[in-house]
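Chain by chain, the residues run as shown.
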Protein chains: 2
Amino acid sequence: MSKPRINTMEELSVAIGVSRPTLSRFFQDPSRVKKNTAARIEAGLARVEYVPNFFATRMNRKSTGLIGVIIPYLNDLFFTKLLQAVEVAAMQAGMTVITQCSHSDPAIEARAAETFMSMSVDGAIVAPLGDHSDQAVHLRLKSRMPFVLMDSRPKTMPNVDFVGTNHHQSTGLITEYLCRMGEPPVFLAMPRVNFNAREREAAYIARMRELGFEPEVIGTELLHEDWHFEEHGEAVLDIEFGGGRLTDRSILCANDRVAIGAIRAAARHGLTPGRFGKGGLRIAGHDDYPLCPYLNPALTTVAQNTDAIGKKAVSRLLDLIRGDGRDDTPEITLFDGNLKLRESA
Amino acid sequence: MSKPRINTMEELSVAIGVSRPTLSRFFQDPSRVKKNTAARIEAGLARVEYVPNFFATRMNRKSTGLIGVIIPYLNDLFFTKLLQAVEVAAMQAGMTVITQCSHSDPAIEARAAETFMSMSVDGAIVAPLGDHSDQAVHLRLKSRMPFVLMDSRPKTMPNVDFVGTNHHQSTGLITEYLCRMGEPPVFLAMPRVNFNAREREAAYIARMRELGFEPEVIGTELLHEDWHFEEHGEAVLDIEFGGGRLTDRSILCANDRVAIGAIRAAARHGLTPGRFGKGGLRIAGHDDYPLCPYLNPALTTVAQNTDAIGKKAVSRLLDLIRGDGRDDTPEITLFDGNLKLRESA
DNA sequence: CGTCAACATTTACATGTGTAAAAAGGGAGG
DNA sequence: CCTCCCTTTTTACACATGTAAATGTTGACG
């Protein structure tokens with residue numbers, strides 16, 4: 001059952017009777033070797049246990065075929081969806097993805113960047129931490145390799161390729177919807193862990209003014225640890241509802257996880273948000289978190305097109321790797337959000 | 001601002017005025033170099049931009065300091081929690097984690113294993129796909145490096161180190177709780193994507209018999225794609241509730257995501273599961289998915305100790321890497337589940 | 001001030017594979 | 001059947017670093 005194990009191409013070459021460089025070419029692309037020879041190699045390979053040394057192969061190639069991806073947080077289905085889209089797209093392009101999670105710690109993010117440089121990845125896709133990211137790290141990465149930012153975009157880095165959602169459009173869309181169908185909404189902010197938090201807030205304010213309503217933002221004080229969004233949403237509304245406020249208002253949450261907490265707070269105060277209760281409480285979110293349809297009531301929200309974002313980030317990075325549009329203007333791609341009308345608003 | 005870039009240790013050695021091997025020792029462990037020399041190197045390093053080549057360093061060391069981790073699925077907070085625990089533990093031990101997701105595809109899992117062998121990782125931790133995993137791949141990995149299975153354990157691989165939850169205890173615990181506090185529960189199974197699915201089912205049946213009740217399992221037919229647990233739970237109960245069945249029963253779901261679907265189905269049929277409604281509908285889950293406390297009603301469940309599982313998987317792997325207990329009996333570690341009493345049951 | 005030991009540094013070789021250039025092979029046309 | 005050209009294979013060197021053994025340095029003690 002267990003085949004004889006061979007550790008180097010050298011040994012393999014004597015075992016099969018082909019020169020080592022021929023094997024090297026075979027492993028890079030079997031078609032670069034005569035059909036006859038390829039068959040002989042494959043037959044030999046079936047008889048022994050051999051895997052080419054990853055490090056030795058990548059060390060010398062001009063291109064490593066590796067893409068580095070950094071995401072800020074694992075325990076968030078939004079990022080896992082995004083990561084999955086990136087991984088699938090990269091796999092289809094024949095690239096290998098090296099994923100690192102910064103666990104919302106800029107030091108870990110910096111270390112991940114270091115690893116990417118050390119590994120000579122062909123390019124990097126980074127979803128930054130927001131304010132907490134060390135932008136020097138991003139700039140260093142960009143100066144060394146094709147580099148694309150994803151999801152959240154620092155205003156201070158206008159010259160970097162970026163792929164994300166058009167929050168002006170998406171937040172504007174749901175704001176407009178809420179205004180059209182009922183009371184103009186209050187905006188329940190999220191802890192400002194990244195730039196999207198503030199972008200959405202600004203988009204809400206702008207759209208409200210356009211529509212002739214006075215914006216109203218709550219929940220900007222950081223009550224809980226970063227990233228504990230549900231807790232945040234629940235706590236803020238617990239205070240409001242407890243004081244008898246907002247119980248018949250429309251509440252637009254900065255993201256779905258905040259909205260999940262908001263719905264929970266409503267339930268605890270005996271309130272049921274809904275689009276059909278004319279004049280009553282409504283709650284809406286942003287992102288289309290995978291569990292939205294299963295909440296009670298199912299959450300009305302705006303979907304971010306994570307598939308498109310992931311795919312585009314990869315394809316843009318591949319363009320940069322190929323050298324297309326390198327020293328050109330950076331490409332900023334923003335995808336529109338789609339309204340997901342469910343029960344809660 | 002941008003420092004001169006140096007690509008090899010050789011160049012660096014002339015730039016600083018220290019021999020290359022000394023630099024090599026410095027990068028592996030600064031204390032292996034005279035304090036004086038270390039200071040001189042650090043000063044030099046501050047003036048230039050240099051990162052040691054990952055591949056060249058790892059190629060020659062006897063130990064790569066790498067741990068390979070495979071998880072079956074990204075879009076599931078249970079696995080991300082587990083992965084996070086593993087990453088943190090590994091980081092604390094000074095190891096670098098290479099994460100690969102098999103995306104519930106055995107071919108991708110096999111490719112990931114290949115990558116690990118190719119990279120000479122010091123050891124691998126794998127959360128298998130269940131039935132769909134190619135066990136030959138696991139055996140091959142195990143024959144080549146320290147190997148620990150995590151989360152889900154194939155009955156056909158009794159001789160492999162394993163860390164997971166004692167489902168007999170955990171499922172038994174909540175079964176017993178449900179029986180004690182009300183109607184004996186029906187078991188709402190999940191698609192049998194892994195061994196845990198069947199283990200829990202078996203544990204439920206055994207515990208019910210012990211308590212003198214007749215077990216009753218529903219939802220074993222695969223109505224939806226693998227891993228679409230919420231959809232599955234909702235669909236199965238939609239049929240039952242629609243036929244007027246189970247509306248005042250206790251329902252133990254195979255996991256929390258199934259339970260999320262179940263609660264949703266209940267809501268759509270105007271039912272509110274709860275522990276206080278004596279004699280009424282109750283719904284419970286398994287895992288303690290992070291969102292459980294925010295559902296309406298908050299989900300009663302059994303928590304898997306993901307932190308402990310992740311930590312233990314890493315520490316056991318490190319033991320194996322160090323050579324402790326290598327050819328010994330494999331170590332099977334099962335952590336108990338903890339009851340999380342909330343509102344739904 | 002000299003000597004010896006302990007330790008830091010350097011020399012010299014090893015690692016497994018990529019790749020340019022040289023050699024060999026194979027097929028077609030004469 | 002020979003020759004020439006094109007393709008495949010081989011030779012030879014490169015890559016960036018690890019590491020054992022040899023060499024050098026430092027400092028304490030006599």
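Residues numbered from 1 in each chain as written. Chains lettered and ligands numbered in written order. Predicted model: local features only at pLDDT ≥ 70, side-chain atom pairs only at ≥ 80, totals over all residues. Heavy atoms only, no water.

### A look at the overall build of chain A
- Looking only at helices and strands, chain A has 12 helices and 12 strands in total.
- Compactness check: chain A gives a C-alpha radius of gyration of 25 Å against a globular reference of 20 Å for 345 residues, more than 25% above the reference.
- Projected onto its principal axes, the C-alpha coordinates of chain A cover approximately 85 × 50 × 35 Å.
- Relative to its full complement of 345 residues, chain A shows a buried share of 55%.
- For chain A, the exposed surface amounts to about 14000 Å²; the carbon and sulfur share of it is 49%.
- Within chain A, one finds 40 positive and 42 negative side-chain charges whose respective centroids are separated by 9 Å. (Helix = DSSP H or I, 4+ residues; strand = E, 2+ residues; numbered from the N terminus. Rg over C-alpha atoms; globule rule 2.2 N^0.38 Å. Buried < 20%, exposed > 50% of the residue type's maximum accessible area, 1.4 Å probe, protein only. Areas by Shrake-Rupley, 256 points an atom, 1.4 Å probe, with all protein chains shown as cover. Lys, Arg positive; Asp, Glu negative; His and termini not counted. Charge placed at Lys NZ, Arg CZ, Asp CG, Glu CD.)

### So, the relation of the copies chain B and chain A
- Between the two copies, chain B and chain A, the superposition gives an RMSD of 0.1 Å; the rotation angle is 180 degrees and the shift along the axis is 0.1 Å. The two molecules are tied by a two-fold rotation axis, judged by turn and shift. The rotation axis passes nearest to the C-alpha of B:Phe55 in chain B, at a distance of 2.3 Å.
- Here 100% of the interface residues in chain B have copies in chain A that are interface residues too; the copies meet face to matching face. (Least-squares fit on C-alpha atoms with pLDDT ≥ 70 in both. Contact = heavy atoms within 4.5 Å.)

### Some points on the protein's contact with DNA strand C
- For DNA strand C, the set of nearby residues contains 26 residues, the closest of which are A:Ser24, B:Ser19, B:Arg25, B:Thr37 and B:Asn60.
- Within 4 Å of the protein, atoms of DNA strand C come from sugar and phosphate in 63% of cases.
- Between DNA strand C and A:Met9 there is a distance of 2.6 Å, counted from a phosphate oxygen to a backbone nitrogen or oxygen.
- Between DNA strand C and the protein, one listed contact pairs a phosphate oxygen with a backbone N or O atom of B:Lys34 at 3.5 Å. (Near = heavy atom within 4 Å. Polar contact = N/O pair within 3.5 Å; in protein donor to acceptor, adjacent residues only side chain to side chain.)

### Observations regarding the protein's contact with DNA strand D
- Around DNA strand D, a shell composed of 26 residues is seen, among which A:Ser19, A:Arg25, A:Thr37, B:Met9 and B:Ser24 lie nearest.
- In the interface set of DNA strand D, defined as its atoms within 4 Å of the protein, sugar plus phosphate atoms amount to 67%.
- B:Ser24 places a polar side-chain atom, nitrogen or oxygen, 2.3 Å from a phosphate oxygen of DNA strand D.
- At 2.7 Å from a phosphate oxygen of DNA strand D is found a side-chain nitrogen or oxygen belonging to B:Tyr50.

### Let's talk about a positive patch on the surface
- On the surface, A:Arg25, A:Arg32, A:Arg61 and A:Lys62 cluster together to form a positively charged patch.
- Along the polypeptide, A:Arg61 turns up in the loop between α4 (54-60) and β1 (66-71). (Patch = residues over 30% accessible without salt bridge, like charges linked within 9 Å, V, L, I, M, F, W, Y side chains within 5 Å. Salt bridge = Lys/Arg side-chain N within 4 Å of Asp/Glu carboxyl O.)

### Quick notes on the side chain of A:His103
- One can find A:His103 in the loop between β2 (96-101) and α6 (106-118).
- Aside from chain neighbours lying at most four places away, what touches A:His103 is A:Pro72, A:Leu74, A:Ile108, B:Gln84, B:Glu87 and B:Met91.

### Topic: the sheet that holds strand β9 (residues 282-284) of chain B
All names here are of chain B.
- In space, the four strands of this open sheet follow the order β7-β6-β8-β9, with parallel pairing throughout. Both edges of this open sheet fall to β7 (217-218) and β9, since each of them pairs with a single strand only.
- Against the sheet, helix α10 (residues 229-242) engages β6 (185-188), β7 and β8 (250-253), with an angle of about 135 degrees to β6.
- The sheet contacts of helix α11 (residues 256-268) involve β6, β8 and β9, and relative to β9 the element is tilted by about 160 degrees. (Pairing = 2+ DSSP bridges. Axes fitted to C-alpha atoms, helices over the stretch in contact; angles between N-to-C directions.)

### Focus on the domain arrangement of chain A
- Along its sequence, chain A is carved into domain 1 (9-58), domain 2 (66-165 + 307-335) and domain 3 (167-303).
- Distance between the C-alpha centres of domain 1 of chain A and domain 2 of chain A: 34 Å. (Domains from an automatic or database assignment.)

### Here's the deal with the packing of α6(A) against helix α7 (residues 135-144) of chain A
Residue and element names in this part refer to chain A.
- Look at α6 against α7: their axes get within 10 Å of each other, and the N-to-C directions meet at 10 degrees. Overall, the two elements α6 and α7 adopt an arrangement that is roughly parallel. Residues Glu109, Ala110, Ala113, Glu114 and Met117 of α6 pack against Val137, His138, Arg140, Leu141 and Arg144 of α7.
- Class assignment for the residues of the contact of α6 with α7 results in five nonpolar, one polar and four charged. (Parallel < 35°, antiparallel > 145°, perpendicular 65-115°, else oblique. Nonpolar A, V, L, I, M, F, W, Y, C, P; charged D, E, K, R; others polar.)

### Describing the interface of chain B and chain A
- Counting from both sides, the interface comprises 52 residues of chain B and, opposite them, 52 residues of chain A.
- Carbon and sulfur atoms supply 57% of the area buried between chain B and chain A, which totals about 4900 Å² over both sides.
- Of all residues in chain B, the largest losses of buried area upon contact with chain A belong to B:Phe55, B:Arg264 and B:Tyr294, amounting jointly to 17% of the total for that side.
- Seen at the junction of chain B and chain A, the total is six salt bridges.
- Joining chain B to chain A, the criterion identifies 26 residue pairs in polar contact (both at pLDDT 80 or more).
- Contributing elements (two or more residues each) for the side of chain B that touches chain A: α4 (54-60), α5 (77-92), β2 (96-101), α6 (106-118), α7 (135-144), α10 and α11 of chain B.
- Broken down by element, the side of chain B that touches chain A gets its largest block of residues, seven residues, from α5(B).
- Residues of the side of chain B that touches chain A, tallied by class, amount to 26 nonpolar, 11 polar and 15 charged. (Buried area = accessible area lost by both parts, 1.4 Å probe.)

### Description of the pattern of salt bridges
All names here are of chain A.
- For the coordinates displayed, the defined rule picks out 42 salt bridges over all chains.
- In this structure, Asp161 and Arg316 form a salt bridge, with 2.5 Å as the shortest nitrogen-oxygen distance. In this pair, Asp161 sits in strand β5 (residues 161-165) while Arg316 sits in helix α12 (residues 306-322), placing the two residues 155 residues apart along the sequence. You'll find Asp161 and Arg316 in the same group, each marked buried.
- One salt bridge in this structure joins Asp319 and Arg322, with 3.0 Å as the shortest N-O distance. With Asp319 and Arg322 both in helix α12 and three residues apart, the pair spans about one turn of that helix.
- Exposure remark for Asp319: the relative accessible area of 25% places this residue in the partly exposed category.
- Note on Arg322: relative accessible area 57%, which makes it exposed.

### Describing the packing of aromatic side chains
- Counting across every chain of the model gives 13 aromatic pairs over all chains.
- Taken together, A:Phe54, A:Phe55, B:Phe54 and B:Phe55 form an aromatic cluster joined through their ring pairs. (Phe/Tyr/Trp six-rings, centres within 6.5 Å; stacked < 30°, edge-to-face > 60°.)

### Here we look at the pairing of strand β8 (residues 250-253) of chain A
All names here are of chain A.
- In β8, alternate side chains face the same way, and those of Ser250 and Leu252 on one face and Ile251 and Cys253 on the other are all buried.
- Alignment of strand β6 (residues 185-188) against β8, held across four bridges, turns out to be parallel. When the sheet's bridge partners are listed, Phe187 is paired in β8 with Leu252.
- Summarising the sheet, β8 and strand β9 (residues 282-284) pair through three bridges and their orientation is parallel. By the bridge assignment, Leu252 is partnered in β9 with Ala284.

### Structural notes on the state of the cysteines
All names here are of chain A.
- This structure, assessed with the given rule, holds zero disulfides over all chains.
- There is no disulfide at Cys253, and the cysteine sulfur nearest it, in Cys292, is 11 Å away.
- Assessed through its relative accessible area of 1%, Cys253 is described here as buried. (Disulfide = S-S within 2.5 Å.)

### A word on the sheet that holds β6(A)
All names here are of chain A.
- Judged by pairing direction, the sheet is parallel, and its four strands sit side by side in the order β7-β6-β8-β9 without closing on themselves. The sheet is open, and its two borders are formed by β7 (217-218) and β9, each paired with just one other strand.
- Examined bridge by bridge, β6 and β7 share two bridges and lie parallel to one another. The partner of Leu188 across the bridge, within β7, is Ile218.
- Its contacts with the sheet put helix α10 (residues 229-242) on β6, β7 and β8, and the angle it makes with β6 is roughly 135 degrees.
- Here helix α11 (residues 256-268) sits on the sheet and contacts β6, β8 and β9; the angle it forms with β9, its principal contact strand, is near 160 degrees.

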